[in-house]
Amino acid sequence: MMRSLFRSIPKRLGPNKLVFCRFQSSNPQMSFPCVDQAQERNRRYEESLQQFQTSSNEDPGACITSPSLASGPEPIYGKIVSGFKKFNYNNVFLCDHGGILPKFELAYETWGTLNEDRSNAILLHTGLSASSHAHSHPDNPQPGWWEQFIGPGKDLDTNKFYIICCNILGSCYGSTGPSSIDPGDGKHYATRFPIITVNDMVRTQILLLDHLKIDKLHASIGSSLGGMQSLAFGALAPHRTARIASISGGARSHPYSIALRFTQRQILMNDPQWNRGFYYDGIPPHTGMKLAREVATISYRSGPEWEQRFSTRRANPAVPPAMCPDFLIETYLDHAGEKFCLQYDPNSLLYISKAMDMHDMTASNQKLLAENRKKNQHKLEKYLAENPNVSQEDVIKANSNSVVLPDTPIEEISNEDRTPEPDVDSDLTAGLVPLRNIPTMIMGVESDNLMPVACQRETARCLEKAGNDKVVYHELNADESFYGHDTFLIYRKNFNLVGSKLKNFLEQS
Ligand SMILES: CC(=O)SCCNC(=O)CCNC(=O)[C@H](O)C(C)(C)COP(=O)(O)OP(=O)(O)OC[C@H]1O[C@@H](n2cnc3c(N)ncnc32)[C@H](O)[C@@H]1OP(=O)(O)O
């Protein structure tokens, strides 16, 4: 007679609420609740897909979510259709690596009031998986991912500034990305979506600013990938921002970060359900996503924090050791993966994380991209020839934003005592010349494993060498924050160093 084995595994439902869930093993010999859990998720997804297909005409593939995901820094966007404004750009857009988007959309949200001379706007660039919902508002009252930082009198003071937060190209939270429909054939782009760069993301945002008739920003700011974008903005359009703040970002990726993201992509792409990116009509690669998120979470936080928070405690010392989540750190990672695996589009993760890897503001890389774009101009011409109704002028304007590098290399300040630096330093210095007149705040966190503080030091150093004498550099040491990369997302009342330093920088004349 078949015997069902049950095994209890702990599950956190909220702070300090540990309950035990029971999963039935499909194999009578062995019990692996975490494996059963993935199968159960598959079954639930299949069921909800069927229900969804019968009850709605909407597309289940666009940003899939689970009803159990009702917490976290971002709202549950599910079928993301409202709560933000939309910028529709109906002209062709040529990407840095030669891909063509016949048109694109960007979701954005705003807080505060644009002043009469339109000079108080701050563009808040987001991290990898964030939506435009940085703060609550009447159209979406759920708390945003920077809820505590934005508002009247807050770090981003809405009494003074008009804050614009834009969901990035490639994402799935209302902007055009792999889960969007290709107008060419009415099907999801999936992995036919073009490779995009951080510059491409910023170029679309510059078009949004044109649309909003904002010539010059008070500041371009962001953390993590957002910090990369805020710097890229300075290289693409130095005349369009009065300040830049980059927190835990950097002017180029670190090989360690690339390695971490590569591993996540490999895990995801090797989930058979990824199906080379064409999963929108079926079950998404949720197991790959979950595992990728677990690896990502390891890179988002720090060892010292986890020592204090979890140490080597087991979730339930009363039960025998098991292969499935057992230590508190394991149940924590499991929870983080579970929470995310149906919340975000896997292909968006692939494209955006790849863009982060390729982020490199050295002069040589920026020149290469500019050359690439010139080489690919014929694609635009072909498109225009095939679509005579498209305004040529608009297309040229949209695709003219390119890096503003000097024609002649800058002369390095001579310093005989200085030990020769590796080439990359001068290359990055030359790449940052366009930012030399823009007051720039760089902030790093010593406990950051993902974007090592060395990247922030390098960015600040090269900016100074490029002639920028208004670089403000802050580094939070281990006593000031041990939350690693995610420091910028964690608000601590009366000890909010990220917010307070940013506020000082934004409000100084
Ligand atoms: C790379 C870029 O460009 S951007 C950077 C990317 N970073 C991210 O995406 C951030 C992801 N992290 C988050 O979203 C976090 O929730 C933050 C940063 C917003 C807040 O962090 P914290 O306040 O420390 O909370 P954290 O999420 O770590 O822990 C709380 C959650 O873990 C659960 N939890 C805590 N300990 C355990 C445990 N031992 N076992 C199981 N679950 C646990 C809690 O129940 C809670 O669950 P809930 O969120 O579903 O309510």
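Residues numbered from 1 in each chain as written. Predicted model: local features only at pLDDT ≥ 70, side-chain atom pairs only at ≥ 80, totals over all residues. Heavy atoms only, no water.

With an unreviewed UniProt entry as reference, the chain is termed Homoserine O-acetyltransferase, source organism Schizosaccharomyces octosporus. In its Sequence similarities (unreviewed entry) section, the UniProt record describing the chain reads: "Belongs to the AB hydrolase superfamily. MetX family." (UniProt positions renumbered as here; feature names shortened; annotations may be inferred.)

Judged by side-chain polarity, Met30, Phe32, Val35 and Met323 come together as a nonpolar surface patch covering roughly 440 Å² of accessible area. Its location among the elements puts Met323 in the loop between helix H6 (303-309) and helix H7 (328-340). (Patch = residues over 30% accessible without salt bridge, like charges linked within 9 Å, V, L, I, M, F, W, Y side chains within 5 Å. Areas by Shrake-Rupley, 256 points an atom, 1.4 Å probe, with all protein chains shown as cover. Salt bridge = Lys/Arg side-chain N within 4 Å of Asp/Glu carboxyl O. Helix = DSSP H or I, 4+ residues; strand = E, 2+ residues; numbered from the N terminus.)

Attention shifts here to the site of the ligand. The environment of the ligand is made up of 27 residues, and the closest members are Ser224, Arg301, Tyr332, His335 and Lys339. In the environment of the ligand, an oxygen atom lies 3.4 Å from a nitrogen or oxygen atom belonging to the backbone of Leu225. Within the contact set of the ligand, a nitrogen atom lies 2.8 Å away from a side-chain nitrogen or oxygen of Thr331. Burial of the ligand by the surrounding chains reaches 82%, relative to a free accessible area of 1000 Å². Contributing elements (two or more residues each) for the shell around the ligand: strand S1 (6-14), helix H5 (286-300) and H7. Examining the composition of the shell around the ligand, we find that 5 residues originate from one element, H7, more than from any other. Taken together, the residues of the shell around the ligand break down into 13 nonpolar, 8 polar and 6 charged. Mapped onto the domain boundaries, the shell around the ligand takes at least three residues apiece from domain 1 (85-254 + 362-401 + 423-507) and domain 2 (258-353). (Near = heavy atom within 4 Å. Polar contact = N/O pair within 3.5 Å; in protein donor to acceptor, adjacent residues only side chain to side chain. Nonpolar A, V, L, I, M, F, W, Y, C, P; charged D, E, K, R; others polar. Domains from an automatic or database assignment.)

If you look at the biggest cluster of nonpolar residues, it comprises 63 residues, and the most contacted ones within it are Ile164 and Tyr344. Top contributing element to this core by residue count: helix H2 (residues 198-211), with 7 residues. For this core, the domains that each give at least three residues are domain 1 (85-254 + 362-401 + 423-507) and domain 2 (258-353). By size, the runner-up hydrophobic cluster in this structure holds 27 residues, among which are Ile150, Cys165, Met441 and Phe505. (Core = buried A, V, L, I, M, F, W, Y, C linked by side-chain atoms within 4.5 Å. Buried < 20%, exposed > 50% of the residue type's maximum accessible area, 1.4 Å probe, protein only.)

Further remarks concern unusual backbone geometry. Even without glycine at this site, Arg118 takes up a positive phi of about 55°. Assignment of secondary structure puts Arg118 in the loop between strand S6 (104-111) and strand S7 (121-125).

Further remarks concern the confidence of the model for the chain. Averaged over the chain, the pLDDT score is 87; the fraction of residues at 70 or greater is 84%. Low pLDDT, under 50, characterises residues 1-23; the predicted model gives this stretch 47 contacts beyond four residues in sequence or across chains. Residue range residues 60-79 is modelled with pLDDT below 50. Its contacts to residues more than four positions away, or to other chains, number 63 contacts. Interface predicted TM-score (ipTM) for the complex: 0.98; the corresponding pTM is 0.88. (pLDDT = per-residue confidence, 0-100. Contact = heavy atoms within 4.5 Å.)

What follows covers the sheet that holds strand S10 (residues 162-166). If you walk across this open sheet you meet the 8 strands as S3-S6-S10-S7-S13-S14-S15-S16, and the pairing is mixed. Strands with a single pairing partner mark the edges of an open sheet, and in this sheet they are strand S3 (85-89) and strand S16 (471-476). Averaged over all adjacent pairs, the angle separating strand axes in this sheet is 20°, with direction ignored. Direction of pairing for S7 relative to S10: parallel, over a ladder of 5 bridges. Residue pairing in the sheet places His125 in a bridge with Cys166 of S10. (Pairing = 2+ DSSP bridges. Axes fitted to C-alpha atoms, helices over the stretch in contact; angles between N-to-C directions.)

Before going further, it helps to examine the packing of H2 against helix H3 (residues 225-236). The geometry of a pair of packed helices is captured by two quantities: the angle between their axes and the separation between those axes. At their nearest, the axes of H2 and H3 sit 9 Å apart, and the two run at 70° to each other. As summarised for this structure, H2 and H3 are arranged roughly perpendicular, according to the angle between their axes. Here H2 runs over H3; the crossing is right-handed. Where H2 approaches H3, its residues Val198, Asn199, Met201, Val202, Arg203, Gln205, Ile206 and Leu209 are matched on the opposing element by Leu225, Met228, Gln229, Ala232, Phe233 and Leu236. Partitioned by chemical class, the residues of the contact of H2 with H3 number 10 nonpolar, 3 polar and 1 charged. (Parallel < 35°, antiparallel > 145°, perpendicular 65-115°, else oblique. Left-handed = near helix turned anticlockwise from the far one by under 90°.)

With that out of the way, let us pick up the UniProt feature "domain: AB hydrolase-1" (unreviewed entry) in the chain. When the UniProt feature table is mapped onto this chain numbering, "domain: AB hydrolase-1" (unreviewed entry) sits at residues 121-382. Annotated as residues 121-382, this span is 41% helix and 10% strand, and its ends, taken at the C-alpha atoms, are 37 Å apart.

Over its 15 residues, helix H4 (residues 255-269) runs 20 Å from end to end, which matches the ideal 21 Å to within 8%, given 1.5 Å per residue. Every buried residue of H4 is listed here: Ser257, Leu260, Arg261, Gln264, Arg265 and Leu268. For H4, the arc enclosing every buried residue in end-on projection is 135°, short of the 170-degree limit, so these residues lie on one face. Buried-residue contacts for H4 involve H5 and helix H8 (346-358). (Expected span 1.5 Å × (residues − 1). Arc of directions from axis to C-beta.)

Right, let's talk about the domain arrangement of the chain for a bit. Domain annotation of the chain identifies domain 1 (85-254 + 362-401 + 423-507) and domain 2 (258-353). Between domain 1 and domain 2, the residue contacts involve 33 residues of the former and 27 residues of the latter. The junction of domain 1 with domain 2 conceals about 2500 Å² of combined surface from both sides, 63% of it contributed by carbon and sulfur atoms. When the buried area of domain 1 at its contact with domain 2 is split by residue, Leu128, Thr191 and Phe482 rank highest and sum to 25% of it. Summed over the shared surface of domain 1 and domain 2, the result is 0 salt bridges. The residue inventory of the side of domain 1 that touches domain 2, partitioned by class, reads 19 nonpolar, 12 polar and 2 charged. (Buried area = accessible area lost by both parts, 1.4 Å probe.)

This paragraph deals with the state of the cysteines. In this structure the tally under the stated criterion is 1 disulfide. For Cys34, the disulfide goes to Cys324, at an S-S distance of 1.9 Å. Residues Cys34 and Cys324 are joined by a disulfide whose S-S torsion is about -70°; by sign, that bridge is left-handed. In this pair, Cys34 sits in helix H1 (residues 33-55) while Cys324 sits in the loop between H6 and H7, placing the two residues 290 residues apart along the sequence. Using a relative accessible area of 3% as the deciding quantity, one classes Cys324 as buried. (Disulfide = S-S within 2.5 Å.)

Here we come to the pairing of strand S13 (residues 219-223). Looking along a regular strand, one sees the side chains alternate between the two faces of the sheet. The buried fraction of S13 is high, at 5 of 5 residues. In terms of strand pairing, S7 meets S13 through 4 bridges, oriented parallel. In the sheet register, His125 faces S13, and the bridge partner there is Gly222. Note: S13 against strand S14 (residues 244-247), 4 bridges, orientation parallel.

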